[in-house]
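Inside the fold
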2 protein chains.
Amino acid sequence: MQEIPGGITAVRGIEAAGIHCGIKGGGKKDLALVVSEPPGVAAGVFTTNRVKAAPVQTTAHLVKAERVHGIIANSGVANACTGDRGVRDAEQMSDAAARLLGGDKGTILVASTGAIGRYLPMDNILCALPTLVERLSKDGNADAAEAIMTTDTRPKWAAVETKVGRRFARVGGIAKGAGMICPHMATMLAFLATDAHVSSEVLQTALRDAVDRSFNRITVDGDMSTNDMVLCIANGLAGNRLFGSGSPAYASFSAAVAHVCSLLAQMIVRDGEGATKFVEVRVERARTREAADRVARAVANSCLVKTALFGGDPNWGRILAAAGAAGVDVDPRFLTLRLGEVLVVRGGQPVDEARSAEAKEAVSAENVVITLDLGLGKEEAFVWTCDLSYDYVRMNSEYRT
Amino acid sequence: MQEIPGGITAVRGIEAAGIHCGIKGGGKKDLALVVSEPPGVAAGVFTTNRVKAAPVQTTAHLVKAERVHGIIANSGVANACTGDRGVRDAEQMSDAAARLLGGDKGTILVASTGAIGRYLPMDNILCALPTLVERLSKDGNADAAEAIMTTDTRPKWAAVETKVGRRFARVGGIAKGAGMICPHMATMLAFLATDAHVSSEVLQTALRDAVDRSFNRITVDGDMSTNDMVLCIANGLAGNRLFGSGSPAYASFSAAVAHVCSLLAQMIVRDGEGATKFVEVRVERARTREAADRVARAVANSCLVKTALFGGDPNWGRILAAAGAAGVDVDPRFLTLRLGEVLVVRGGQPVDEARSAEAKEAVSAENVVITLDLGLGKEEAFVWTCDLSYDYVRMNSEYRT
């Protein structure tokens, strides 16, 4: 597998476009379209929030279609908490795009991100659609990635090429993040495409696995936004033979999907609201994988740990306290903690290096790795997060409804 | 029941003192003693953190003694993650105080709060003990309350008088809080005393109930610090008859304990790190009490909700999103949300008032009440919290290990 430039349009048969239609101020791009020619099968992973936005309800249904032609998405308005009218708007947005592209109703997936509780300005969207379709091109990747941004400071895309059976297949994608620092309630969107020839079942399995190892590593289950979704369209242009989910071709394909998801997920964390650091929390030697996961998330979501990281303070006590409060088996006597390569706690007690310049350096870097060994079993887990800074507070206290 | 001045020493037979012994800098008080003459029975509620500080381990054992003479507590060093030596230090602190007071070994409860992973400066503590004992007086309440402070900006105490059977009994207490804004991992201590004549079993029941309705309303279960504890000593000087936990005397007594705990808990929230607002999150008409509780905590712990409150932004969308992510039954169609008295969401959708000046006023006040009606059942719950400000980030990123 090899990383390649070009994002989602690096995939054969995929064109994209992004324009300003008037939802956001300042002429910022706010409407994106990704189209696969020919249409293909699709897979999707959606927010587990009980308050689901209209486009999530609509697309969770559409993604099961046999022929999916593309994805239309807007930023600026989330179309969440908008009741039946919201669902009708999402359907109309999808149908109008499908008609303009000469396809059947129900072949265009739909997504939204932005302010909750506002109706979509349907006139703006419908008026802009012909221009949007006209702009579709192999060069449209950056425009589409930009048109789904909200508080993101930069567009995000990634692509890889890998061998699937005897053919080379590509997987590419675009994504947007936002307030990812604390329990994650801003929208995360990622759209992927692949030219691999793959059944919708196998595609769904590969995407589900990839999301579990990437986007779900940067958020807390059950704390997703009203609008989160990850979609992937597969158009088969690579010409490989169909494969099952136990085959070597699957291993290769799913690794490519996972790699693109992982790259996009890391970009989202690095561009988190107010983020100054990328932090990996690794938990090792837990009794169960779930326990490892819960401890990693408890540490990664602790505001006290995050603010210490922002201040470059090797505050290992807060890390141990967060781990102890995760609600799973943790025995302080067996705890070992490393900040970067520096051992700071052994047997639940600080070693001399805990107050060293090296420990401080390890948490002052732009990339911080926290490794907590529970000394209880063989399971492990990791979570990616960022620090909690003044800018996070500024961005979220000054953002106006 | 009636609130009275004087804090813990308002209780008959209780004296207190607080002095500087050299743990904290700047001559700040850091060693407190509360003594009951005669000794009495005691009850305690302790952190659920798996990483328990040495004094928690020691006191959880001592609190079962038949005759408890008092409580010694220090601030500045938490004596947590200090292994066997930490436990020996906690025991020595208790024993030395007991000896000086002329009592038996094991009659003085012990508590600590401050930095994790440091050993107690035992020489300082032991040297200061005679002075501390000498200073014991009915006027020592404020000094003792001050000596257990860490990042608290003001000392905290409360007292009430109530009729228990045919006698008037008093309940008084002191407390300290700290970083209470996010998942709660700083130390919370509260020491109560009462002159009611009560068995240790009934006292434990009353204290447990009171804590569930007060201190546990301002924190997340399983997210308590390594050092949290709430203690109560009862010396029987009120002269009432012993009572069972189903009696009218119990109702009156437990209401008094709960009221003191509730006053102290609210003081802790109001003095939370960086707090500018006191926020009550009420969840009504949930299917179960647990569901109501989880939704209330999800809203109260959301960094996005807290930063919006800091900014005085009536961002009801973030409240709904947090509720939907609580992992329990929530149906957006039945949601009703009030900010103060202002109805902003009905049937999961915003009403016109959602963007009114009144809605903004309701969340700009110093006291904010958020009422979320789930429309599903009959159960309810509340949580007290505060907003998330620049000062929280400043205090926690600049605090040095």
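The following refers to the structure shown.

**Digging into the overall build of chain A**
The secondary structure content of chain A amounts to 11 helices and 15 strands. For chain A, whose C-alpha radius of gyration is 22 Å, the value lies close to the compact-globule estimate of 21 Å for 401 residues. Dimensions of chain A, computed from the C-alpha atoms along their principal axes, are close to 70 × 50 × 35 Å. Sorting the 401 residues of chain A into buried and exposed places 63% on the buried side. For chain A, restricting intrachain contacts to residue pairs at least 6 apart in sequence, the fraction spanning at least 24 positions comes to 80%.

**Let's talk about the packing of helix H2 (residues 83-100) of chain B against helix H3 (residues 122-134) of chain B**
Residue and element names in this part refer to chain B. Two elements in contact, H2 and H3, have axes whose closest approach is 10 Å; the angle formed by their N-to-C orientations is 25°. With respect to their mutual orientation, H2 and H3 come out roughly parallel. H3 is crossed by H2, and the crossing has right-handed handedness. Residue-level inspection shows Asp89, Gln92, Met93, Ala96, Ala97 and Leu100 of H2 in contact with H3, the latter providing Met122, Ile125, Leu126, Leu129, Pro130 and Val133. For the contact of H2 with H3, the per-class residue count stands at 10 nonpolar, one polar and one charged.

**Considering helix H9 (residues 316-324) of chain B**
Since the α-helix packs 3.6 residues into each turn, any two residues three or four apart lie on the same face. Burial within H9(B) is extensive, with nine of its nine residues counted as buried. Among all positions in H9(B), only Trp316(B), Gly317(B), Arg318(B), Ile319(B), Leu320(B), Ala321(B), Ala322(B), Ala323(B) and Gly324(B) are buried.

**Notes on the nonpolar core**
Formed by 291 residues in total, the largest nonpolar core has its most connected members in Val257(A), Val295(A), Val299(A), Val257(B), Val295(B) and Val299(B). By residue number, the principal contributor to this core is helix H6 (residues 248-270) of chain A, which donates 12 residues. For Val257(A), the contacting residues outside a window of four places in its chain are Val171(A), Leu192(A), Ala206(A), Leu207(A), Ala210(A) and Cys232(A).

**Describing the sheet that holds strand S13 (residues 349-350) of chain B**
Residue and element names in this part refer to chain B. Reading across from one edge, S13-S12-S11-S14-S10-S15 is the order of the six strands in this open sheet, with mixed pairing throughout. Each end of this open sheet is capped by a strand with a single partner; those strands are S13 and strand S15 (379-386). Those strands touched by helix H7 (residues 289-301) are strand S10 (278-286), strand S14 (367-373) and S15, and its axis lies near 20° from that of S15. Relative to strand S11 (residues 336-339), H9 is tilted by about 130°, and along the sheet it contacts S11, strand S12 (342-346), S13 and S14.

**What about the relation of the copies chain A and chain B?**
Superposition of chain A onto chain B requires a rotation of 180° combined with a translation of 0.0 Å along the rotation axis, giving an RMSD of 0.0 Å. The two molecules are tied by a two-fold rotation axis, judged by turn and shift. For chain A, the residue whose C-alpha comes nearest the rotation axis is Tyr390(A), separated from it by 2.8 Å. Of the interface residues in chain A, 100% have counterparts in chain B that sit at the interface too, so the contact is made through matching surfaces.

Quick notes on the rules
Residues numbered from 1 in each chain as written. Chains lettered and ligands numbered in written order. Predicted model: local features only at pLDDT ≥ 70, side-chain atom pairs only at ≥ 80, totals over all residues. Helix = DSSP H or I, 4+ residues; strand = E, 2+ residues; numbered from the N terminus. Rg over C-alpha atoms; globule rule 2.2 N^0.38 Å. Buried ≥ 20, exposed ≤ 12 C-beta atoms within 10 Å, placed from the backbone. Contact = placed C-beta atoms within 7 Å. Axes fitted to C-alpha atoms, helices over the stretch in contact; angles between N-to-C directions. Parallel < 35°, antiparallel > 145°, perpendicular 65-115°, else oblique. Left-handed = near helix turned anticlockwise from the far one by under 90°. Nonpolar A, V, L, I, M, F, W, Y, C, P; charged D, E, K, R; others polar. Core = buried A, V, L, I, M, F, W, Y, C linked by C-beta atoms within 7 Å. Pairing = 2+ DSSP bridges. Least-squares fit on C-alpha atoms with pLDDT ≥ 70 in both.

Keep in mind these numbers describe shape, not what the thing actually does.
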